[in-house]
Amino acid sequence: MSEVKRNEITAEGLKALKDRLEYLKTTGRAQISELIATARSFGDLSENAEYDAAKDQQAKMEGEIVELEAAIRTAVVVSDEEITNEKVNVGTTVRVLDQDEDFEDEYRIVGPHEADPMNNAISIDSPVGAALIGKRKGDELTIEIPGGLSHLKVLSIERTERT
């Protein structure tokens, strides 16, 4: 039997998903409706690039709405009791030493819908995030990444500050 994947998320992440969904359902849909109405006014729909583009935009937005609804429906908010300085989990910030490059880095561990690698918020589904889950200060790990193997050592674990 395969393990059911938990859609873990922070309370802040769930709020952001709900806010985005509300925006798309109200403002987003209204804006697309206006675009479609404007494009229709240009006449023949069979050769109307503006209409086709607006309908494509509408389809993408509706797809995002479906994805957000599913993510919200299956979300499991990580409780404050689950977030400790003892081990890496969603809601923690972990400082690691890249032993290959002798370089320190810091990652916020988040659920898949909160990932923002450009701001060091890595998903528990990413290779590094998945490998760090459950690790403790002082643990060493080897991770297979696209460029080969990476050897990390956990230097510290802290609860991520709420924004």
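All values reported here derive from a predicted model rather than from experimental measurement.

Caption draft 1: Spatial organisation of the overall build of the protein. Across its full length, the protein carries 3 helices and 7 strands. Along the protein, from the amino end to the carboxyl end, the secondary structure elements read β-α-α-β-β-β-β-α-β-β. A globule of 163 residues ought to have a C-alpha radius of gyration of about 15 Å, yet the protein, at 21 Å, is considerably larger. Along the first, second and third principal axes, the C-alpha set of the protein runs to 65 × 40 × 35 Å.

Caption draft 2: Structural view of unusual backbone geometry. You will see that D102, though not glycine, has its phi angle at about 50 degrees, which is positive. Considering the arrangement of structural elements, one finds D102 in the loop between β3 (92-98) and β4 (103-110). Since its relative accessible area comes to 65%, D102 is described here as exposed.

Caption draft 3: Local environment of the packing of helix α1 (residues 11-40) against helix α2 (residues 49-74). Running from N to C, α1 and α2 point in directions that differ by 160 degrees, and their axes come no closer than 9 Å. Put simply, α1 runs roughly antiparallel to α2. For α1 against α2, the interelement crossing comes out left-handed. Partitioning the contact of α1 with α2 into residue classes produces 15 nonpolar, 3 polar and 10 charged.

Caption draft 4: Geometry of the pairing of strand β6 (residues 140-145). With 6 bridges connecting them, β6 and strand β7 (residues 148-159) associate as antiparallel partners. In the strand pairing of β7, I145 is matched with G148.

Caption draft 5: Representation of the confidence of the model for the protein within the structure. Taken over all residues, the pLDDT of the protein has a mean of 88, while the share at 70 or more is 95%. Confidence, read as mean pLDDT per element, is least for strand β1 (residues 7-9) in the protein (85) and greatest for β3 (95).

Caption draft 6: Region of the structure containing the pattern of salt bridges. Counted under the stated rule, the structure contains 6 salt bridges. For E104, the salt bridge goes to R95, with nearest N and O atoms at 3.1 Å. Judged by its relative accessible area of 40%, E104 falls in the partly exposed class. Judged by relative accessible area, R95 falls into the partly exposed class, the value being 29%.

Caption draft 7: View of the nonpolar core. Ranked by size, the top nonpolar core spans 17 residues in total, and within it V94, Y107, I109, V128 and L132 carry the most contacts. Element by element, the count of residues in this core is highest for β7, at 3 residues. Beyond its immediate stretch of four places on either side in the chain, V128 contacts Y107, I122, I143, I145 and L152. One finds I36, A39, A54 and A71 within the second-largest nonpolar core, a separate group that totals 14 residues.

Parameters and conventions
Residues numbered from 1 in each chain as written. Predicted model: local features only at pLDDT ≥ 70, side-chain atom pairs only at ≥ 80, totals over all residues. Heavy atoms only, no water. Helix = DSSP H or I, 4+ residues; strand = E, 2+ residues; numbered from the N terminus. Rg over C-alpha atoms; globule rule 2.2 N^0.38 Å. Buried < 20%, exposed > 50% of the residue type's maximum accessible area, 1.4 Å probe, protein only. Axes fitted to C-alpha atoms, helices over the stretch in contact; angles between N-to-C directions. Parallel < 35°, antiparallel > 145°, perpendicular 65-115°, else oblique. Left-handed = near helix turned anticlockwise from the far one by under 90°. Nonpolar A, V, L, I, M, F, W, Y, C, P; charged D, E, K, R; others polar. Pairing = 2+ DSSP bridges. pLDDT = per-residue confidence, 0-100. Salt bridge = Lys/Arg side-chain N within 4 Å of Asp/Glu carboxyl O. Core = buried A, V, L, I, M, F, W, Y, C linked by side-chain atoms within 4.5 Å. Contact = heavy atoms within 4.5 Å.

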